[in-house]
Amino acid sequence: MKNKIAGLVVAALSAAGFLAGAPASAATDGQFPPPGCDGYRYGLIFGEGVSLSCFSLRGPSDTYRVVAHCTSGSSYWYTVGHWVPLGFGPSSAECRGGLLSNAYVAGYHVDEF
């Protein structure tokens, strides 16, 4: 019985340590959408995604896409969404991790065309 309780305590502490690392990655730049855009983050299995809908941008552009800055442990990469006409549907980019590691959206920016 003592071994089971000790095992549960160790599992709870390791889960708390694992979950405490996730919000630190979200505290970087690019966590708020640019002016004229509406964005939100969503969860995936082993990852996160960001979806962005823009109705007006600073430059004279007709299309845009979101670029997610993904991180998992010490790895860092970019994932791009599809090009979308201004004022129409969202552009989404997803950060997917592996079986033993989750990927997080550390930030994002908008490419204009």
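In what follows, the structure referred to is the one given above.
Basis of the calculations
- Residues numbered from 1 in each chain as written.
- Predicted model: local features only at pLDDT ≥ 70, side-chain atom pairs only at ≥ 80, totals over all residues.
- Heavy atoms only, no water.
- Helix = DSSP H or I, 4+ residues; strand = E, 2+ residues; numbered from the N terminus.
- Buried < 20%, exposed > 50% of the residue type's maximum accessible area, 1.4 Å probe, protein only.
- Contact = heavy atoms within 4.5 Å.
- Areas by Shrake-Rupley, 256 points an atom, 1.4 Å probe, with all protein chains shown as cover.
- Phe/Tyr/Trp six-rings, centres within 6.5 Å; stacked < 30°, edge-to-face > 60°.
- Disulfide = S-S within 2.5 Å.
- Patch = residues over 30% accessible without salt bridge, like charges linked within 9 Å, V, L, I, M, F, W, Y side chains within 5 Å.
- Salt bridge = Lys/Arg side-chain N within 4 Å of Asp/Glu carboxyl O.

On to the overall build of the protein chain. Counting secondary structure elements, the protein chain contains two helices and seven strands. Evaluated residue by residue, the protein chain yields a buried proportion of 29% over its 113 residues. Counted over contacts in the protein chain with a minimum sequence separation of 6, partners at least 24 positions apart contribute 59%. Total accessible area on the protein chain is roughly 7,200 Å²; 65% of this is exposed by carbon and sulfur atoms.

Per the counting criterion, the structure on display carries three aromatic pairs. With centroids separated by 6.0 Å and ring planes inclined at 50 degrees, the aromatic side chains of Tyr-40 and Tyr-42 adopt a geometry described as tilted. A ring pair is formed by Trp-83 and Phe-113, whose centres lie 5.7 Å apart and whose planes are at 55 degrees; its orientation type is tilted. Placement of Trp-83 in the loop between strand 4 (75–80) and strand 5 (84–85) and of Phe-113 in the segment after strand 7 (104–112) is noted, with a sequence separation of 30 residues between them. Exposure remark for Phe-113: the relative accessible area of 69% places this residue in the exposed category.

Taken as a whole, this structure holds two disulfides when the rule is applied. The residue that forms a disulfide with Cys-37 is Cys-54, at a sulfur-sulfur distance of 2.0 Å. Its torsion about the S-S bond being 100 degrees, the disulfide of Cys-37 and Cys-54 is classed as right-handed. Linking Cys-37 in strand 1 (residues 37–44) with Cys-54 in strand 2 (residues 47–54), this pair joins segments that are 17 residues apart in sequence. Overall, Cys-37 belongs to the buried group, its relative accessible area being 13%.

This next bit is on the environment of Phe-113. Measuring from C-alpha to C-alpha, the distance between Phe-113 and Pro-60 comes to 8.6 Å, with 53 residues separating the pair along the chain. Setting aside chain neighbours within four positions, we find Phe-113 in contact with Ser-61, Asp-62, Thr-63 and Trp-83.

As a further point, take a nonpolar patch on the surface. Together, Ile-45, Phe-46, Leu-99 and Leu-100 make up an exposed nonpolar region whose accessible area comes to about 520 Å². Here Leu-100 shows up in the loop between strand 6 (91–96) and strand 7.

Non-glycine residue Phe-46 carries a positive phi angle of around 65 degrees. Within the secondary structure, Phe-46 sits in the loop between strand 1 and strand 2. The class for Phe-46 is partly exposed, based on a relative accessible area of 34%.

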